[in-house]
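Residues per chain are reported as follows:
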Amino acid sequence: MSVCMVARLCQTSSILSLLKMCMRKSHRYNSSYTMSRHRWIQIMSGFPSITFRRRTSTQADKDTVDLSKFPADRIRNFCIVAHIDHGKSTLADRLLEMTGAIAKTGKNKQVLDKLQVERERGITVKAQTASLFYDYGGEQYLLNLIDTPGHVDFSYEVSRSLSACQGVLLIVDANQGIQAQTVANFYLAFEAQLSIIPVINKIDLKNADPSRVESQIEKVFDIPSEECIRISAKLGTNVEKVLQAVVERIPAPAGSVHEPFKALVFDSNFDHYRGVVANIAVLGGRVKKGDKIVSAHLRKTYEVNELGLLRPDELPTQKLFAGQVGYIIAGMKEVKEAQIGDTLFLQERPVDALPGFKPAKPMVFAGMYPMDQSEYPGLRSAIERLTLNDSSVMVQRDSSLALGAGWRLGFLGLLHMEVFNQRLEQEYNASVIVTAPTVPYKAVLSSAKLIKERGSEEIIIVNPAQFPDRSAVSEYLEPMVLGTILAPDAHTGKIMNLCLNRRGVQKNMVYIDDQRVMMKYLFPLNEIVVDFYDLLKSLSSGYASFDYESAGYQAADLIKMDLLLNGHPVEELTTIVHRERAYTMGKAMCERLKDSIPRQMFEIAVQAAIGK
C-alpha cells in the first residue's frame, strides 16, 4: 500500500458529493444554453417571412428516376477504403461532382461527412452511401458508392459496408505510402473476395513518389503496378479513370429481378418523425411502395411507406430492384425492430434468412451514468437510438453506490468511446459521467461452488469491482492483440524499446522498401489501449501508423488495485493491473487524484492499495 498524503479520516461520501456538485454546476450552464437556444427559435418563429424546411428532392426529380432501366449488369456497388487522411472523402466529393450528384463549387469538402463530430475532428466515423449515374460506352450505369471510416476503431463500419459491395477502391497516399490500416482494409476486402482497384492519391504533392508506392503495393499486396491509378482527388486529375475502372473491373451484382425479394439491412438510423430509416442492399427481386414486408429477425410485418436512393440526400422512388442499394422506411417505431444484418422479404414470398454479420467484439469497456438520476429515462432513450446507428457498441445495465443506475458499455477502442460520448452530447443534449476505460479479462474458477453459481468455469470480467479473489481462481487471463506498426527505419530502435516497455513480443519484421519497415508485435490489450498510439506518433515524429486485431487470451499475473480516500475504497476508481506495473500505476493515479480533488478545510489521505 502506498500513501501519497497521510491525514485524519473523513467520510468518502462528502468528497464524492463535492465532485458530483462540480459536474452538476457545469451541466446547469449546458442547460441554460439549451433554454436560450429554444427561446431564440421561438422569437424567430414570430417572423412569417422566415421558414425552415428539410431538404428534399422535388417532384420533378422523383418522376425522372426510373430504376427499372438499370438491370444488374449495369449496376456497380463499391466502397472506398484507406488509412486515415489518405483522401477517401475528397475523392468521394469529386466522384459526386463528376456524375452530377452535387453542384461543382469550391465549398464541397467532405460532403458525405454529415455528423458534427466528423466536421470537428476532420475524420470519418460513419459510413455513408451515395448513388451515382454515369454514362460510359453509350450506356448509363448506376454506381452505388459507400465512403467508409479509416480509423481502426471503426473497422466494423468497413466490414459491414463490404457486404453490400462487389469491389473496393483502395486509396494510398503518394507521399506516405502504405500504412497499417491500408493493410488491414486490404485483407478485409481480400477475405470477402472483392475486386480491388489500387488508387494512388495526392500525386500533386511536392514530395509525392507514386513509383515507390506502386512498388510497395506490388510487394505487400501482390497487385501489379500497371493496375494502379495515379490521381489527385483535390485537383480532379485522372478521377475520370477511376470511374472507368469501376465499370470495367468491378463485377456486376449477382441476383435477378425474377427471384423473390430479399434484402440485407447493412445500416440504419432513427428519425424522430419517420421512425427507423434502414439502408438495404437488394439481393434479389423487387420491392415497391405499399408492399408488405417481413423482418426475418422478429417475424413482424410492415408496410413500405417510402423507399429510394441516397444521392447523397434522400431521393424517393417508386421501386427498388435486384442489385441496387437504397433506403427504406416501413413504419418501424421501436429501435429494437431494426437489427443490422436482418433480412427483409415479401410477406407472400418468404425466403431463408441471410447469415448477417458477426457481432463486434468490444475491446474497451467503460461505465456511463447520468449526471442526475432524474435524467436516466432520457439518457436510456438516447443510448438506444444511438446504438441503432452504431451497432458495434455493446450495452448492459450497471449500478454504482456513488453514481446510481447506469450502463457498462463496450467499445472497439478509445477513440470510438470518445466519439460516442461526443455524439450523445451533440445529438441528444445528454451530459454523462464516464468511468475510466478497462479491458475484458477472464478468470478460470477453481471453486466448485462458484462454478455452479456462475454456470461456467471461465468468467469474463468487464467491471473491475467484480474481480474475483485469488483464492477462488486457478488463473487469470488477459486479452492479447497482434499489432502492426509501419514506420521509417530511422525510428525502429525507439519504437522497439517502446514495445518492450509495454510487454510486447516481436513476431515479425520486414522491410516493405528501402526506407519503411513493418513490424508485428503481440501486445496485452491493456498496455496499448490508452496512450500507446500517442507515444508512438511522438517517437516517430508523426510518421508511424498502428493497427491491431484480437489474438485471444493469455495467462497473466493480474491484481485488483483499489483507490482509497481516507481509508474508504472508491469503487468507480478501482482498476485491474499487472503485478509488475502496480506501483507505477498506483503512484501516477494518486498524484492525479491529488491534483483533481478540490481543496478542503481538512486533509485527505489518497492511497492506492492491492489485496486486502
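These numbers come from a predicted model, not from an experiment.

Rules used in this analysis
Residues numbered from 1 in each chain as written. Predicted model: local features only at pLDDT ≥ 70, side-chain atom pairs only at ≥ 80, totals over all residues. Heavy atoms only, no water. pLDDT = per-residue confidence, 0-100. Contact = heavy atoms within 4.5 Å. Pairing = 2+ DSSP bridges. Helix = DSSP H or I, 4+ residues; strand = E, 2+ residues; numbered from the N terminus. Axes fitted to C-alpha atoms, helices over the stretch in contact; angles between N-to-C directions. Salt bridge = Lys/Arg side-chain N within 4 Å of Asp/Glu carboxyl O. Buried < 20%, exposed > 50% of the residue type's maximum accessible area, 1.4 Å probe, protein only. Phe/Tyr/Trp six-rings, centres within 6.5 Å; stacked < 30°, edge-to-face > 60°. Lys NZ or Arg CZ within 6 Å of the ring centre and 35° of its normal. Patch = residues over 30% accessible without salt bridge, like charges linked within 9 Å, V, L, I, M, F, W, Y side chains within 5 Å. Areas by Shrake-Rupley, 256 points an atom, 1.4 Å probe, with all protein chains shown as cover. Lys, Arg positive; Asp, Glu negative; His and termini not counted. Charge placed at Lys NZ, Arg CZ, Asp CG, Glu CD. Expected span 1.5 Å × (residues − 1). Polar contact = N/O pair within 3.5 Å; in protein donor to acceptor, adjacent residues only side chain to side chain.

Peer 1: In this structure, what is going on with the confidence of the model for the chain? I would like to understand it.
Peer 2: Predicted confidence across the chain gives a mean pLDDT of 84, with 89% of residues reaching 70 or more. Across residues 1–63, confidence stays below pLDDT 50; counting only partners more than four residues off in sequence or on other chains, it has 63 contacts.

Peer 1: I tried to follow the sheet that holds strand β19 (residues 394–400) on my own but got confused; where do I start?
Peer 2: The pairing of strands in a sheet happens through backbone hydrogen bonds and is either parallel or antiparallel. Taking strand neighbours across the sheet as the criterion, the four strands line up as β19-β20-β18-β21 in an open arrangement whose pairing is antiparallel. Each having just a single partner strand, β19 and β21 (432–434) make up the two edges of the open sheet. Neighbour-to-neighbour, the strand axes of this sheet turn through a mean angle of 30°, independent of strand direction. Where strand β18 (residues 364–370) lies against β21, three bridges are found, and the strand directions are antiparallel. Bridge pairing links Tyr369 to Ile433 in β21. Its contacts with the sheet place helix α9 (residues 376–389) against β18, β19, β20 (404–411) and β21, and it is angled at close to 15° to β20.

Peer 1: Explain the pattern of salt bridges here, please?
Peer 2: Opposite charge on two side chains permits them to pair, given that their charged atoms come into close proximity. Under the defined criterion, the tally for this structure stands at 23 salt bridges. Arg274 is the partner of Asp271 in a salt bridge, and the nearest nitrogen-oxygen pair spans 3.6 Å. Pair check on accessibility: Asp271 and Arg274 agree, each one buried. Linking Glu458 and Lys442 is a salt bridge whose minimum nitrogen-to-oxygen distance equals 3.4 Å. Linking Glu458 in strand β23 (residues 458–461) with Lys442 in strand β22 (residues 441–445), this pair joins segments that are 16 residues apart in sequence. Relative accessible area serves as the criterion here: at 38%, Glu458 is assigned to the partly exposed category. Taking relative accessible area as the criterion, Lys442 reaches 18% and is therefore assigned buried. Members of the salt-bridge network, linked through shared partners, are Lys126, Glu157, Arg160 and Asp267.

Peer 1: Mind showing me how you'd approach unusual backbone geometry here?
Peer 2: Apart from glycine, the bulk of residues carry a negative phi angle, and the bulk of peptide bonds sit in the trans form. Residue Pro312 is bonded to the preceding Arg311 through a cis peptide linkage, with omega at -15°. Within the element layout of this structure, Pro312 appears in the loop between β13 (306–310) and β14 (314–317). One non-glycine residue, Asn238, lies in the positive phi region at around 60°. With respect to the secondary-structure elements, Asn238 resides in the loop between β7 (229–230) and α8 (239–249). In the Ramachandran plot, Asn566 falls in the positive-phi region, its phi being about 50° despite a non-glycine side chain. Looking at where Asn566 falls in the secondary structure, it is placed in the loop between β28 (558–565) and β29 (568–569). Using a relative accessible area of 1% as the deciding quantity, one classes Asn566 as buried.

Peer 1: Any chance you could explain the packing of aromatic side chains here in plain terms?
Peer 2: Think of a pair of aromatic rings as described by two things: how far the centres are apart, and how the planes are tilted against each other in angle. Taken as a whole and judged by the stated rule, the model has 13 aromatic pairs. When the centroid spacing of 5.5 Å and the interplanar angle of 15° are considered together, the rings of Phe70 and Phe133 count as stacked. Here Phe70 is found in the loop between α2 (59–64) and β2 (75–82), whereas its partner Phe133 is found in strand β3 (residues 128–136), with 63 residues between them in sequence. Here the two residues Phe70 and Phe133 agree in accessibility, since each one is buried. For the pair Phe546 and Tyr548, a centre-to-centre distance of 5.9 Å together with 40° between the ring planes defines the contact as tilted. Like Tyr548, Phe546 is buried. Joined through ring pairs, the aromatic side chains of Tyr521, Phe523, Phe532, Phe546 and Tyr548 make up one cluster. Just above the ring of Tyr553 sits the side chain of Lys442; from NZ or CZ to the centre is 4.4 Å.

Peer 1: I keep staring at the sheet that holds β14 and nothing clicks. Help me out?
Peer 2: A sheet is described by the order of its strands in space; here eight strands give the open sequence β12-β11-β17-β8-β9-β16-β13-β14, paired in antiparallel fashion. The sheet terminates laterally at β12 (301–303) and β14, the two strands that pair on one side only. Ignoring which end each strand starts from, the neighbouring axes of this sheet average 40° apart. With nine bridges connecting them, strand β8 (residues 262–271) and strand β9 (residues 275–284) associate as antiparallel partners. Bridging from a neighbouring strand, Asp271 pairs with Gly275 of β9. Contacting β8 and β9, α9 crosses the sheet at an angle of about 140° to β8.

Peer 1: Quick question: what am I supposed to make of the side chain of Thr129 here?
Peer 2: The residue Thr129 is located in strand β3 in this model. The residues contacting Thr129, other than those within four sequence positions of it, are Leu145, Ile146, Phe266, Asn279, Leu310, Pro312 and Val325.

Peer 1: What's the story with the environment of Ala72 in this structure? I'm lost.
Peer 2: Relative to the helices and strands, Ala72 is located in the loop between α2 and β2. The exposure class of Ala72 is buried, given its relative accessible area of 17%. Between the alpha carbons of Ala72 and Ala254 there is a distance of 7.2 Å; along the sequence they are 182 residues apart. Every residue in contact with Ala72, bar those within four places of it in the chain, is listed here: Ala252, Pro253, Gly255 and Ala322.

Peer 1: I'm lost on a negative patch on the surface in this one. Help?
Peer 2: A grouping of Glu218, Asp222, Glu226 and Glu227 is seen on the molecular surface, where their side chains present a negatively charged patch. Within the secondary structure, Asp222 is located in the loop between α7 (210–221) and β7.

Peer 1: What should I look at first to understand the pairing of β3 in this one?
Peer 2: Looking along a regular strand, one sees side chains alternate from face to face of the sheet. Burial runs high along β3: seven of the nine residues are buried. Of the strand pairs in this sheet, β3 and strand β4 (residues 139–147) are connected by nine bridges, and their pairing is antiparallel. When the bridges of β4 are listed, Thr129 appears paired with Ile146. As consecutive antiparallel partners, β3 and β4 are separated by two residues, and within that stretch Gly137 has a phi angle of approximately 60°, a positive value.

Peer 1: Is there a simple way to think about α7 in this case?
Peer 2: Counting along an α-helix, one turn takes 3.6 residues, and residues three or four places apart therefore face a common direction. Here α7 spans 16 Å end to end across twelve residues, near enough to the 16 Å set by a 1.5 Å rise per residue. Within α7, the full set of buried residues consists of Pro210, Arg212, Val213, Glu214, Gln216, Ile217, Val220 and Phe221. Looking at the buried side of α7, the elements it contacts are β5 (167–173), α6 (180–191), β6 (195–201), β7 and β26 (516–524).

Peer 1: Sorry if this is basic, but what is going on with the environment of Phe411 here?
Peer 2: The topology assignment puts Phe411 in strand β20. Each residue touching Phe411, except ones within four places of it in the same chain, is listed here: Pro362, Met363, Val364, Val393, His416, Met417 and Phe420.

Peer 1: What exactly am I supposed to notice about the side chain of Gln216 here?
Peer 2: Relative to the assigned elements, Gln216 resides in helix α7. Relative accessible area serves as the criterion here: at 0%, Gln216 is assigned to the buried category. In terms of polar contacts, Gln216 uses its side chain to reach the side chain of Asp513, at 2.5 Å. Ignoring anything within four residues of it in the chain, the contact list for Gln216 reads Gly177, Ile178, Phe221, Ile512, Asp513 and Arg516.

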